[in-house]
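Working through the structure, step by step
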Amino acid sequence: MKTTQMIPLQQIDLSDETFSINYLPDLRRLRSSIEQIGMTQPVLLRKRLGGYQIICGFRRISVMMELGKPEIESRVFEEKEMDGFHLFSLSLHENLTTRGFNTVEKAIALEKLIHHFRIHPDTVIHTFLPLFSLAPNEKILNTYLSLAQMEDEVKTYVLKEEVSRSNIRRLSVLTSEDRMAVLSLISSLKLGENRLREILTLLEEISRRNQCTAREIVRQPEIQAILSQKELTPSQKTERVKKVLMTLRYPKMHQLEEAFEKKKKNLNLPSNISLHHQ
């Protein structure tokens, strides 16, 4: 085991994020812990010309700087001591023992393994997916790789709403512009997993049926009018938007329902009699 040493924070390169996979870190608990008991584990650094590169400990270094500390306990690797991939792997294992990774961080890690460190997909599938408690499956790998390429706003939505892998895949088939338009819609509604799946599926089917883009559907005046009604709750907006999408998806059915309601009205039925279609 390497001995630790105190490294001045000003000598650490904060701009080099080669080994970082942090996404929306919540530093409050870490800050509180460091304020109360100090650092319990040294950070990992690599010696570089003129300073140090962070391997593991981005969050702790950030908190220590916020607290105005001049230096931090570190284990330091020499520049040529270990290659980048093995240092990254070491960082992943080190973090997994202390905090684990959220969905987006797993996506960033897998994307770096494939595209930055040039690790063969088969190795990533069979070695690193199980490390992240994921089944060793190419479809799962591709889902996370697609998430890594999405816009930060979409990543944040996926993380905060705990979007499932199947719905991540539905978002991944959209262009960036369509995805951002869809995000403006779904973030205004109250959507669980099932409702989100319904909305995304309807958008996909309408787009294919009418030969139009998802953003063109979202920008329909009827939908925008619903979203602009501040007196409506998110749940109410969701139901009304779904109704508009169903009309666009099944126009003939909508016409039949309107005709049925018109004929029912013309019957002037007593209030104690109701009439429904199957």
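Here's what I pulled together on the structure shown here. Quick caveat, the model's predicted, so the values are computed rather than measured. (Residues numbered from 1 in each chain as written. Predicted model: local features only at pLDDT ≥ 70, side-chain atom pairs only at ≥ 80, totals over all residues. Heavy atoms only, no water.)

1. Concerning the overall build of the protein
Helix and strand content of the protein: 14 helices and 5 strands. Burial analysis of the protein (278 residues in total) assigns 41% to the buried set. At a minimum sequence separation of 6, the contacts of the protein that also span at least 24 residues come to 70%. Just so you have it, the protein exposes about 16,200 Å², and 49% of that area is on carbon and sulfur atoms. (Helix = DSSP H or I, 4+ residues; strand = E, 2+ residues; numbered from the N terminus. Buried < 20%, exposed > 50% of the residue type's maximum accessible area, 1.4 Å probe, protein only. Contact = heavy atoms within 4.5 Å. Areas by Shrake-Rupley, 256 points an atom, 1.4 Å probe, with all protein chains shown as cover.)

2. Quick notes on the pairing of strand E5 (residues 71–77)
Here E5 lies mainly inside the structure; 5 of its 7 residues are buried. In terms of strand pairing, strand E3 (residues 43–48) meets E5 through 4 bridges, oriented parallel. Among the inter-strand pairings, Arg-46 is bridged to a residue of E5, identified as Phe-77. (Pairing = 2+ DSSP bridges.)

3. Topic: the environment of Ala-181
Tracing the backbone shows Ala-181 in helix H9 (residues 176–186). The spatial distance from the C-alpha of Ala-181 to the C-alpha of Glu-216 is 8.7 Å, given a sequence separation of 35 residues. Contact partners of Ala-181, with chain neighbours within four places excluded, come to Arg-215 and Val-218.

4. Brief notes about helix H4 (residues 103–116)
Here H4 is 14 residues long and its end C-alpha atoms lie 19 Å apart, about the 20 Å a rise of 1.5 Å per residue gives. In terms of burial, H4 is largely enclosed, as 10 of its 14 residues are buried. As for H4, its buried residues are in contact with helix H2 (58–66), helix H3 (84–96), helix H5 (121–131), helix H6 (138–148) and helix H7 (152–160). By the N-cap criterion, in which a side-chain oxygen at the helix start approaches the backbone nitrogen of a residue two or three places on, H4 is capped by Asn-102, the distance to Val-104 being 3.0 Å. Once H4 finishes, Arg-118 follows within two positions and takes phi at roughly 55°, a positive value. (Expected span 1.5 Å × (residues − 1). Polar contact = N/O pair within 3.5 Å; in protein donor to acceptor, adjacent residues only side chain to side chain.)

5. A word on the packing of aromatic side chains
For the coordinates displayed, the defined rule picks out 5 aromatic pairs. With a centroid separation of 6.1 Å and an interplanar angle of 20°, the aromatic rings of Phe-19 and Phe-117 are classed as stacked. Placement of the pair is Phe-19 in the loop between strand E2 (12–13) and helix H1 (28–37) and Phe-117 in the loop between H4 and H5, with a sequence separation of 98 residues. A single burial state applies to Phe-19 and to Phe-117, both of which are buried. Between the aromatic rings of Phe-88 and Phe-117, the centroid separation amounts to 4.8 Å while the plane-to-plane angle is 25°, which identifies the pairing as stacked. Taken together, the residues Phe-88 in helix H3 and Phe-117 in the loop between H4 and H5 connect sequence positions 29 residues apart. Pair check on accessibility: Phe-88 and Phe-117 agree, each one buried. (Phe/Tyr/Trp six-rings, centres within 6.5 Å; stacked < 30°, edge-to-face > 60°.)

6. Concerning the pattern of salt bridges
The tally for this structure, following the rule as stated, stands at 15 salt bridges. Asp-152 is the salt-bridge partner of Lys-155, the closest N and O atoms lying 3.8 Å from each other. With Lys-155 and Asp-152 both in helix H7 and 3 residues apart, the pair spans about one turn of that helix. Lys-155 sits in the buried class, given a relative accessible area of 8%. Assessed through its relative accessible area of 46%, Asp-152 is described here as partly exposed. Arg-249 is the partner of Glu-205 in a salt bridge, and the nearest nitrogen-oxygen pair spans 2.9 Å. Placement of the pair is Glu-205 in helix H10 (residues 193–210) and Arg-249 in helix H13 (residues 234–249), with a sequence separation of 44 residues. Taken together, the shared-partner salt bridges in this structure form one network comprising Arg-195, Glu-198, Glu-239 and Lys-242. (Salt bridge = Lys/Arg side-chain N within 4 Å of Asp/Glu carboxyl O.)

7. Concerning the sheet that holds strand E1 (residues 5–8)
Taken in spatial order, the 5 strands of this open sheet run E1-E5-E3-E4-E2, and their pairing is mixed. Edge positions in the open sheet fall to E1 and E2, since each of these has one partner strand only. H2 rests against E2, E3, strand E4 (51–56) and E5 of the sheet, and its axis sits at about 125° to E4. (Axes fitted to C-alpha atoms, helices over the stretch in contact; angles between N-to-C directions.)

8. Brief notes about the side chain of Lys-237
Its place among the elements puts Lys-237 in helix H13. Here Lys-237 sits buried without a salt bridge, and the closest side chain of opposite charge, Glu-231, lies 7.9 Å off (N-O distance). Ignoring sequence-local partners within four residues, the contact set of Lys-237 consists of Ser-188, Leu-189, Ile-226, Leu-227, Gln-229 and Leu-232. (Lys, Arg positive; Asp, Glu negative; His and termini not counted.)

9. Side note on unusual backbone geometry
Positive phi values are uncommon outside glycine, yet Arg-118 reaches one of about 55°. Along the chain, Arg-118 turns up in the loop between H4 and H5. At Gln-211, a residue that is not glycine, the phi angle is positive and equals roughly 55°. Within the fold, Gln-211 resides in the loop between H10 and helix H11 (214–218). Look at Gln-211 and you get exposed, because its relative accessible area is 72%.

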